[in-house]
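Spelled out, the chains give:
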Amino acid sequence: GFNKSHAAAYALVAYQTAYLKAHYPAEFMAATLSSDMDKTEAVVDFLEDSRARQIEVLPPCVNHSIFHFRATHPRTIRYGLGAIKGVGGPATDAIVRERERGGVYRDIYDFCQRVELKSLNKRVLEALITAGAMDALGGNRASLLAALPDALKAADQRTRDGAAGQVDLFGIGSRVAAPPPPMPQLPELALIDKLKGEFATLGWYLSGHPVDALAPWLSEIVSCRLGEVAPRVPRERKARGAELNLTLAGQVGMMRKRGDNIAFVQLQDGSGRLETAFFTEAYAEFGGMLQAGEIIVVEGVASWDEFNGGAQLRVRRAWPLAEACQHHARGLSISVRNPAPDFAADLKRTLAPWRGGGINVRLRYRRGPASVELEFGDQWRLRADPALPALLLKIPGVESAELVFRRVFSESAAA
């Protein structure tokens, strides 16, 4: 009787939840996410399930979010402020309560002056910015972080003035608030830095994926994205091309070990996940780089794993991200137009820390209608690094900067 009664009860609950998930997918997933907001791993799993079901997850927003996740459309969920690490219930209540009373927040200065800062210290506000919850307040995240000290100072001054009963110069008894200072105009954070901030505060990437942020150069050396591997691998073991030599890149996720010399590692990028197998020799040589969150490049043989029902890569070689960049890069190309007078000094200062490597530098210099291409001498051969192009683009006059790669491995049937 005990087993039958529980079987019947669970069957009813399973039917009800399946019905809700099928007919009210956004509402169901929002409720599921809200039920486990304090468990980051569970939230990430539910978010991935939502994306797989074509449910859009909007970022947290101080002008639209509440504490919990909520459905705003049959296929849209708004992220809950309570799921941001370091932002608790009192802070969220203060934000929502003031928004309902005085309307949406106009900018970061308006936000800091209206919300009770007893519930929101600087650390909480920084978490809101890096999570993307203040993107609607004007500027970009770099500018918002730069404006935060002045916004807090202005809010504190207004609070002290109010407590002291300060009035305006004419003694009318009402104080006219000084206009806020202009928002600092800073370049947006690099995508990889935005993603790091999102992961630190949300445990999840909303603006993309770190592997995809490196796509401009990774695409030159990898065979395909991880989500594209399974469709390429035949499911019949004896089929022609059942095993393929592939070079892939991904972020190290969950890892399970078999004994002391075999590891199965889940790599992930914005397109999906792939299990990679590091058997005895590969694990002994490359096991040290298998740290959660690290991005690595692997080369090996992909085939269909009938046991797991998916594709798997048997790893032969692996590189950390920076080492893979150095291994595959063969040059650095820079394009410059009408540079400033101190361009040469800026370029020398930027390149100096990377000297002593194996890639050559080629510069295309244009001023007015004239142009010339220069190849730097051997003393300026550099170490390749994914961060180098972004640093060069900060120099006034630099139009483009990119690493040039050679394809060492290409997709082919395994021997």
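Residues numbered from 1 in each chain as written. Predicted model: local features only at pLDDT ≥ 70, side-chain atom pairs only at ≥ 80, totals over all residues. Heavy atoms only, no water.

**Here's the deal with helix α4 (residues 89-102)**
Spanning 14 residues, α4 covers 20 Å between terminal C-alpha atoms, matching the ideal 20 Å at 1.5 Å per step. Among all positions in α4, only A91, T92, A94, I95, V96, E98 and R99 are buried. Considering only its buried residues, α4 is in contact with α5 (108-114) and α6 (122-130). One or two positions beyond α4, positive phi appears at G103, with a value near 90°. (Helix = DSSP H or I, 4+ residues; strand = E, 2+ residues; numbered from the N terminus. Expected span 1.5 Å × (residues − 1). Buried < 20%, exposed > 50% of the residue type's maximum accessible area, 1.4 Å probe, protein only. Contact = heavy atoms within 4.5 Å.)

**Concerning the pairing of strand β7 (residues 295-305)**
Among the 11 residues that make up β7, 11 are buried, leaving the element largely enclosed by the rest of the structure. Here strand β4 (residues 244-258) pairs with β7 via 8 bridges, running antiparallel. Pairing of L244 across the sheet is with A302, part of β7. As judged from the 10 bridges shared by β7 and strand β8 (residues 310-320), these two strands associate in the antiparallel manner. Opposite I296, over in β8, you have P320 as the bridge partner. Once β7 ends, the chain turns through 4 residues before running back antiparallel as β8, passing G309 with a positive phi of about 70°. (Pairing = 2+ DSSP bridges.)

**Structural notes on the packing of helix α2 (residues 25-35) against helix α3 (residues 40-52)**
At a minimum axis distance of 9 Å, the contact between α2 and α3 shows a crossing angle of 170°. Between α2 and α3, the interaxial angle falls into the category roughly antiparallel. When α2 is examined against α3, the residues M29, T32 and L33 are found in contact with a partner set consisting of V43, F46, L47, D49 and S50. For the contact of α2 with α3, the residue count by class is 5 nonpolar, 2 polar and 1 charged. (Axes fitted to C-alpha atoms, helices over the stretch in contact; angles between N-to-C directions. Parallel < 35°, antiparallel > 145°, perpendicular 65-115°, else oblique. Nonpolar A, V, L, I, M, F, W, Y, C, P; charged D, E, K, R; others polar.)

**Looking at the pattern of salt bridges**
Evaluated as defined, the whole model comprises 18 salt bridges. A salt bridge links D49 to R53; the shortest N-O distance between them is 3.0 Å. Note on D49: relative accessible area 22%, which makes it partly exposed. Of the charged contacts, one joins E399 and R337 as a salt bridge, the two residues approaching to 3.0 Å between their closest N and O atoms. Placement of the pair is E399 in strand β12 (residues 398-405) and R337 in strand β9 (residues 329-337), with a sequence separation of 62 residues. Through salt bridges with shared partners, one network takes in E98, R101, R106, D110 and R114. (Salt bridge = Lys/Arg side-chain N within 4 Å of Asp/Glu carboxyl O.)

**Focus on the nonpolar core**
Soluble globular proteins: nonpolar side chains tend toward being buried together. Of all hydrophobic cores here, the largest spans 48 residues; its most connected members are F69, I108, F111, L120, L128 and M134. Contributing elements (two or more residues each) for this core: α2, α3, α4, α5, α6 and α7 (141-164). If one sorts the elements of this core by residue count, α7 sits on top with 6 residues. If we skip the residues at most four places from it in the chain, F111 touches V62, I95, Y105, L120, L125, L128, M134 and L137. Counting residues in hydrophobic clusters, the runner-up holds 34 residues, among them V297, V361, L363 and L403. (Core = buried A, V, L, I, M, F, W, Y, C linked by side-chain atoms within 4.5 Å.)

**Side note on the sheet that holds strand β10 (residues 355-367)**
Strands sit in the order β11-β10-β9-β12 across an open sheet of 4 strands; the sheet is mixed. The open sheet has two edge strands with one neighbour each: β11 (370-375) and β12. Averaged over all neighbouring strand pairs, the angle between strand axes comes to 15°, with direction disregarded. Lying on the sheet, helix α13 (residues 321-328) is in contact with β9 and β12; it crosses β9 at an angle near 85°.

**Let's talk about unusual backbone geometry**
For Q54, which is not glycine, the phi torsion reads 60° and is therefore positive. Tracing the backbone through its elements, the reader meets Q54 in the loop between α3 and β1 (56-58). One non-glycine residue, N338, lies in the positive phi region at around 45°. For N338, the location among the structural elements is in the loop between β9 and α14 (343-351). The class of N338 is partly exposed, set by a relative accessible area of 41%.

**Comments concerning the environment of S119**
Looking at where S119 falls in the secondary structure, it is placed in the loop between α5 and α6. Residue S119 is classed as partly exposed on the basis of its relative accessible area, which comes to 25%. Spatially, the C-alpha atom of S119 lies 6.0 Å from that of P90, the residues being 29 residues apart in sequence. Residues contacting S119, with those up to four places away along its chain left out, are P90, A91 and A94.

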